[in-house]
Amino acid sequence: MLREVLAEKSGISPKRLQFIQENASRMYKVYPISKRDGTDRIISQPTPELKALQRWLSRGIFQRLPVSSCAMAYKKGASIRENAKAHVKTSFTLHLDFEDFFPSFSTDHIIRYLSENTKLNSDDIQFCSDVVCRHGRLTIGAPSSPAVTNALMHSFDLQVDSWCSGRGLVYTRYADDINISSAGSGSLGDVEGFISATAKDFKYASLTINGKKTAYLSKKYRRSITGINVTPEGCISIGRARKREIKSLVHSFKLGSLEPELLWKLGGLIAFAHDVEPDFVVSLKKKYGSATVEAILHQKTPRGLRGPKE
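Cut-offs used in this document
- Residues numbered from 1 in each chain as written.
- Predicted model: local features only at pLDDT ≥ 70, side-chain atom pairs only at ≥ 80, totals over all residues.
- Heavy atoms only, no water.
- Helix = DSSP H or I, 4+ residues; strand = E, 2+ residues; numbered from the N terminus.
- Buried < 20%, exposed > 50% of the residue type's maximum accessible area, 1.4 Å probe, protein only.
- Areas by Shrake-Rupley, 256 points an atom, 1.4 Å probe, with all protein chains shown as cover.
- Lys, Arg positive; Asp, Glu negative; His and termini not counted.
- Charge placed at Lys NZ, Arg CZ, Asp CG, Glu CD.
- Polar contact = N/O pair within 3.5 Å; in protein donor to acceptor, adjacent residues only side chain to side chain.
- Contact = heavy atoms within 4.5 Å.
- Pairing = 2+ DSSP bridges.
- Phe/Tyr/Trp six-rings, centres within 6.5 Å; stacked < 30°, edge-to-face > 60°.

Engineer: Tell me about the overall build of the chain, and please be specific about residues and values.
Structural biologist: Of regular secondary structure, the chain possesses 13 helices and nine strands. On the principal axes, the C-alpha backbone points of the chain span a range of 60 × 55 × 30 Å. With 310 residues in all, the chain has 46% of them scored as buried. Put simply, the chain shows about 16,300 Å² of open surface, and 50% of that area lies on carbon and sulfur atoms. Considering the chain, the positive charge centre built from 46 side chains and the negative charge centre built from 31 side chains are found 7 Å apart.

Quick look at the structure:
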């Protein structure tokens, strides 16, 4: 049924769709990218044809399934800004991280979830799981992976949020990052054990906590939640270090000494700052001129400025 609908909408023959299903794991370009800690993250980039099918399944199937309000990534209106804002009225935060998050979801997990939570028949369920996985696992690089994880994590998010709400705690999950916050000290002592036990019993993924990334954060010191600082005054900020970096790059741009490859990065940093802390962008415009900042955001050199070197 699903293949017939796809064939009609996409123009891809049913025979070709069956070939893609049977050979999906071979239709990837695999390469590493360096992470900040010096290790490599393996990216599995699907071919354009497979990617198109994955996007269709993401929009047509997985994005239509329930997603918790605690999930702060991969859905409309979600962002790292909203994730951080959820914790501004608290004083203490426990940060937990899932290890190898996407590969924690297998074809068996997806089949079980779709069998128990949708009316798709067994052939359609097998087709979905085969097309969105590589060698039986979700991958970093497939456009369908985020929507699949959000759907499958729904019951986990509800269970954790219910437990936290009953204790006056705030729970959010941004992909593999979990943050649980409290207003008072001593309220987070049993949280890590609860999350570990819940992850162990979870039936739609093989979740494991990465103990190396577990951190207890306090209002007394800098709390960084998904890269955004939550200040002691209950505000969100991009942080002093990032502000200094932006100012330095803007200064270089105005002098005409900014390397061309850094211009796009700077534009992204200013756009990020505008979303999180717009007053900082106002101060940039006062110090360096609105024309300079707008030129960076629009990737062009205003009259009277030399801009980046060619």
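What follows continues from the structure just given.
Engineer: Could you give an account of the side chain of His109, naming the residues involved and the relevant values?
Structural biologist: For His109, the position within the fold is in helix 5 (residues 107-117). Only 2.9 Å separates the side chain of His109 from the side chain of Ser106, close enough to count as a polar contact.

Engineer: Any details on the environment of Ala199? Residues and values, ideally.
Structural biologist: With respect to the helices and strands, Ala199 occurs in helix 9 (residues 191-201). By relative accessible area, which is 2% here, Ala199 ends up buried. Sequence spacing of Ala199 and His87 is 112 residues, and the spatial spacing of their C-alpha atoms is 23 Å. The contacts of Ala199, once residues within four sequence positions are left out, are Phe98, Phe156 and Leu207.

Engineer: Residues and numbers for the sheet that holds strand 8 (residues 228-230), please.
Structural biologist: Within a sheet, each strand pairs with its neighbour through backbone hydrogen bonds, oriented either parallel or antiparallel. Sheet architecture is open: three strands sit in the order 7-8-9, paired in antiparallel fashion. A strand with exactly one partner marks an edge of an open sheet, and here the two such strands are strand 7 (223-225) and strand 9 (236-237). Relative to strand 9, strand 8 runs antiparallel, the two sharing two bridges. Bridging across to strand 9, Asn229 finds its partner in Ser237.

Engineer: Kindly report on the pairing of strand 2 (residues 40-46), identifying the contributing residues and their values.
Structural biologist: Consecutive residues of a regular strand have side chains that alternate between opposite faces of the sheet. With seven bridges joining them, strand 1 (residues 28-34) and strand 2 adopt antiparallel strand pairing. When the bridges of strand 2 are listed, Ile33 appears paired with Arg41.

Engineer: Can you tell me about the packing of aromatic side chains, naming the residues and giving the values?
Structural biologist: On inspection of all chains with the given rule, the structure shows nine aromatic pairs. Geometrically, the ring pair formed by Phe101 and Phe102 is tilted, given 5.9 Å between the ring centres and 35° between the ring planes. Each of the two residues, Phe101 as well as Phe102, counts as buried. Taken together, the ring pairs connect Tyr74, Phe98, Phe101, Phe102, Phe105, Tyr113, Phe156, Phe202 and Tyr204 into an aromatic cluster.

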